[in-house]
Amino acid sequence: MSRKSWIEETFLKRECVKFIPSSRDLHRCFPVCQVCQNLIRCCCGRLIGEHLWEESLPPMSLCPAPGQDLDEDWSMELHTKATPTNAYGTIDFQDTATRVCRAKFVRVAVDSRAESVLQLMQREWQMDKPKLLLTVHGGSENFSLPLKVRQAFSKGLITAALSTGAWILTDGINTGVSKFVGEAVKMFGGHDLRKRNTVGLTPWGLIDNNTDLVGPDVFRHYQPLGNPLSKRACLNGFHSHFLLVDDGTLGKHGCQQGLRRKLEKHIQLQKIHPRLNHGVPVVCVLVEGGAALVSTVLDYVSSVPPVPVIAFEGSGRAADLLAFFHKQTADDRQLVGDMKEDFLVRIGDVFKVDRAESSHLYDLFLQCMDHRQSITIFDSESEDQMTPDAAILSATLKGTRAGPAEQLSLTLAWDRADVAQKDVLLYGQHWQVGSLERAMLDALVMDRVSFVKLLIDNGMTMSRFLTVDRLEELYNTPQGQTDRFLRHLVEDAKQTSLPLGYRLSIIDMGVVVEYLIGGAYRSTYTRKHFRAAYCRLQDKEGRRMSSASFYKQRRGLISSSLSGRSLQEQQFFRTAQPYKSKHQDVSLSSSSGVGGVDELTLGPGLVSAPPLAPFNFNDLFVWAVLQQRQQMALFLWQHGEEALARATVACKLYRSMAFEARQSNMDDNMADRFKAYSLEFGQLAVDVLDTAFRQNEQMSMKLLTSEMEAWSDFTCLQMAVSSCHRAFVSHSCTQTLLTDLWSGPLNMSKNSFLKILLSLVLPPAVLLLEFKSKAEMCHVPQSHESVLFGLDAVTSVQEENDPTLKVDQDEELGPTCPVSESVSSVTVHCLSWIKRLYGFYTAPVVKFWFHTVFYLAFLMLFSFVVLVKMEDQPSVQEWLVIAYILSTAVEKIREVLMSEPRKLSHKLKIWFSEYWNKSDFIAILLFLAGLTLRWHADPYKTAGRIAYCLDIIFWFIRVTDLLAVNQHAGPYLTMITKMTSNMFFIVVMMAIVLLSFGVSRKAILSPDEDPSWTLARDVVFQPYWMIYGEVYATEINRRV
């Protein structure tokens, strides 16, 4: 059904079809004279000529017919006719030159269903579901407000509405309180129509020039400046939507109140958020107002559930009287004697009513005070008064009479942590079990960063809150495009398609993290023991075990009810904590019990596992990154430990996600957003590193190379390099560390190349080199062998011969002490020399030059082998080449087997991801093929020699990898590599042009060619050289 047909079939308009004179005087003119037609009005407010006489003729006389009641009262049900609405569309207000103000409108009958009206507002007008309904009541005539009251009302109303996503309901006319609301929207509201959500419910018959709005789905220009002498009113141009309520009358107020109240009650029944069970709260804002508003206030506060009312004191009339009565009757006080009389007089003076009416209004005020807990008075003159928007929201919380958990849910839906901290999270507040955990889960799902911070500051511990069930619920929260992209990542990582309705598991997220980070990274969730325990709990009794039971399993707790089960079910699993040594006793303490320690006795053959750490901020941080919640990720990054590590991990994850988005041809904005997020975390990593480097250089360099146990023992430097974070790698701290790592224990700054080569040629020259002290090497990671070989040996000898450490032994040595000292000093010097030699030959820079020298020697030998005649038996030079390449092959096998991944397929995948490993693999295979063929007679021997000749190309190209280390040649090689890859498509385009010309040329010059493979050569060969200027003129002349 189209939008036009739905609106016309759903909503009606009312038109008077019977003329009932409003005057009781008998008019006996027959037929009705022209004077009567222009003076006497119907009870609906229209003249005879303004009625639509489609189904009957106009009355010939105004006198009642025989048998007709002389005092017949006009009724909407009896004297009006409902027909499909004929006025809806968009209004363009023309006097708002500073901004474009347009509003949606529709003409509806006063008895329209509230469900249909709400459906119109949400489905047709695309209004967001309200989280709060602010219904503003006050005087309909123009009045003035004091400056402070006006500012408080305007700023408080709009701030409360914008911060909570509220709807504002008014009368919509350009006078009275509705005009002040419009001015508040103009001053503090936004330009977006969908965010203004200011709805005016206005009587159709009260609108000036309402005939200009008639038409289906129209776009009408509207002039809000009406005739000052007219009793009608204009629409306010700063409202976003209008419900024009039609009861068949003309020029009369108040018909919209019934539909307005029905709509408010229906909105109250709607859920404020899909995750929250609380309905949309409604609060009445009272500014000024006449006598009729007293009964309106009573209706609000006495309804079930009550609607809180906040009155702005100082605005005038009804609001001031309510504020006065509220203050005077505080603490169960009553107005007696003169005070009551003065109040009655004040009521009469304010509302211009007699004594009886004043007494009636006084009784209404008294009844309102029976529900005084639902009434809040805002005094803008008070110094200790809170901000007006906070006062409105606090009044809403107080008036709902909800429990702490429901109030916290309301503030969570509004995203007003300040209100929750002031009015909900109070000291001594009683909370139901699990209510705060549920609030934390809702805050994470709804991306309420301020509430997550508030709950953490109030004692919420992530280790107790975050369980497997909750973490999986977070990952499976529907988020539209974000959820689709995450499922796409799971499909790519698992190389399979996910069925419809598939629930992502925590193991799937581990696979995704490994896929995005790459390399040898192993997620906590994919480790063997975690997977085994997770699958066992999933299969148990055909359903998932409860979060609490699984949490106890993670903490290593097995209750007495599990004592009779199999030992396999009692086995522990670990997450981020490493295994302890097997001989270590397992002593587990429970944080959920009374503080006792449960000792486990495991049967034979069962391997005991250590106590396991619960989930922490790292798990939640990864969730925020994968869910693309940047602000939440930035907040969680600030909590917990390893800030530098998490920043580099987020930088890597976002960079990989941006690459996946581009490869999958997804929205370009998504890839750009991921790139921006990656740069933001990359800058945070650089800032943290820079701050640490300025405070302590040694510790900051240790920070770069320390293995992060929670991140698969990766280092920050390793993660930054894998994410191509140039700013991080080029930082002074990183460059200093890389220089120290490159030089090792050698302390050389000038002519390092010559010193190293001289020491390689003359080994005794090593003793003349300068070495770093132990303090200078403390930040450089060293192998276990170097520590045992160099440092421990020397230290132990020094301790044995240090008179300050071994005083008793020195006293017992007596006369042999000088001999021992001389021998021990020689031993120390020998160990120091050995340490220097070991440090020299294990330094990376020395290893590099050692390898470079021998590699160049190998190339010279290999070149000699391929240049000279190949004999039947290998020469000495060839044997050396064979030995070198075979040793290289053994080294490559060792690299694969000793790499970090456990599976051989994963080891090979990571190893082959490097270009030079692929090149070495091809070179070794080609050499082995040539070596096998060269043992046979011709033509196999010749084929083997050709294999040698082709193989040496790969080994010569390998020299460029050695040149990349040089600070001058390295950048050029990088540029050439990138330029070559970028020129691929240029070469393809050149090949297309070359082939198109070559085929045509060959076909024209050689029309009688027989089928042969030489045709392919002739098509390409000569046209290629023609690019360089060779035109083969002699052949052309000979053919001619």
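Residues numbered from 1 in each chain as written. Predicted model: local features only at pLDDT ≥ 70, side-chain atom pairs only at ≥ 80, totals over all residues. Heavy atoms only, no water.

> Describe helix α26 (residues 643-663), and please don't skip the residues or the numbers.
Every α-helical turn comprises 3.6 residues, leaving residues that sit three or four positions apart pointing alike. Compared with the 30 Å implied by 1.5 Å per residue over 21 residues, the 30 Å span of α26 between its first and last C-alpha is a close match. The element α26 is largely enclosed, with a buried count of 16 among its 21 residues. Of the residues trailing α26, Asn 665 is marked for its positive phi of about 55°. (Helix = DSSP H or I, 4+ residues; strand = E, 2+ residues; numbered from the N terminus. Expected span 1.5 Å × (residues − 1). Buried < 20%, exposed > 50% of the residue type's maximum accessible area, 1.4 Å probe, protein only.)

> Could you give me a rundown of helix α5 (residues 147-164), with the residues and numbers involved?
If you check α5, its first and last C-alpha atoms are 26 Å apart, about what 18 residues at 1.5 Å a residue would give, namely 26 Å. For α5, the complete set of buried residues consists of Val 149, Ala 152, Phe 153, Ser 154, Gly 156, Leu 157, Ile 158, Ala 160, Ala 161 and Thr 164. Backbone geometry just downstream of α5 places Gly 165 in the positive-phi region, at approximately 75°.

> Quick one: what's the story with the nonpolar core, residue by residue and with numbers?
With 129 residues, the main nonpolar core has Phe 153 and Leu 626 as its most contacted residues. The leading source of residues in this core is α26, at 10 residues. Leave out the neighbours within four places in its chain, and Leu 626 touches Tyr 475, Thr 482, Leu 486, Met 509, Val 512, Val 513, Leu 516 and Met 657. The next biggest cluster of nonpolar side chains, apart from the first, holds 66 residues, and it includes Ala 319, Phe 343, Leu 361 and Ile 375. (Core = buried A, V, L, I, M, F, W, Y, C linked by side-chain atoms within 4.5 Å. Contact = heavy atoms within 4.5 Å.)

> Can you break down the pairing of strand β4 (residues 102-109) residue by residue, with the values?
Among the eight residues in β4, six count as buried, and that is most of the element. Sheet topology places β4 next to strand β9 (residues 241-246); six bridges connect them, and they run parallel. Considered in β9, the bridge of Arg 107 is made with Leu 244. (Pairing = 2+ DSSP bridges.)

> Kindly report on the pairing of β9, identifying the contributing residues and their values.
Most of β9 sits out of view: six of its six residues are buried. Alternating residues of β9 divide into His 241, Leu 243 and Val 245 and Phe 242, Leu 244 and Asp 246, and every residue in both groups is buried. The pairing of strand β7 (residues 198-203) with β9 spans five bridges and is parallel. Residue pairing across strands places Leu 201 opposite Leu 243, the latter belonging to β9.

> A description of the sheet that holds strand β12 (residues 282-287) should follow, citing residues and the corresponding values.
Read across the open sheet, the 10 strands follow the order β8-β3-β4-β9-β7-β6-β5-β12-β13-β14; overall the sheet is mixed. Either end of the sheet is taken by a strand with one partner, and the two such strands are β8 (215-222) and β14 (375-379). Each strand axis lies, on average, 25° off the axis of its neighbour in the sheet, ignoring direction. Strand direction decides the pairing type here: strand β6 (residues 167-170) and β7, joined by three bridges, are parallel. (Axes fitted to C-alpha atoms, helices over the stretch in contact; angles between N-to-C directions.)

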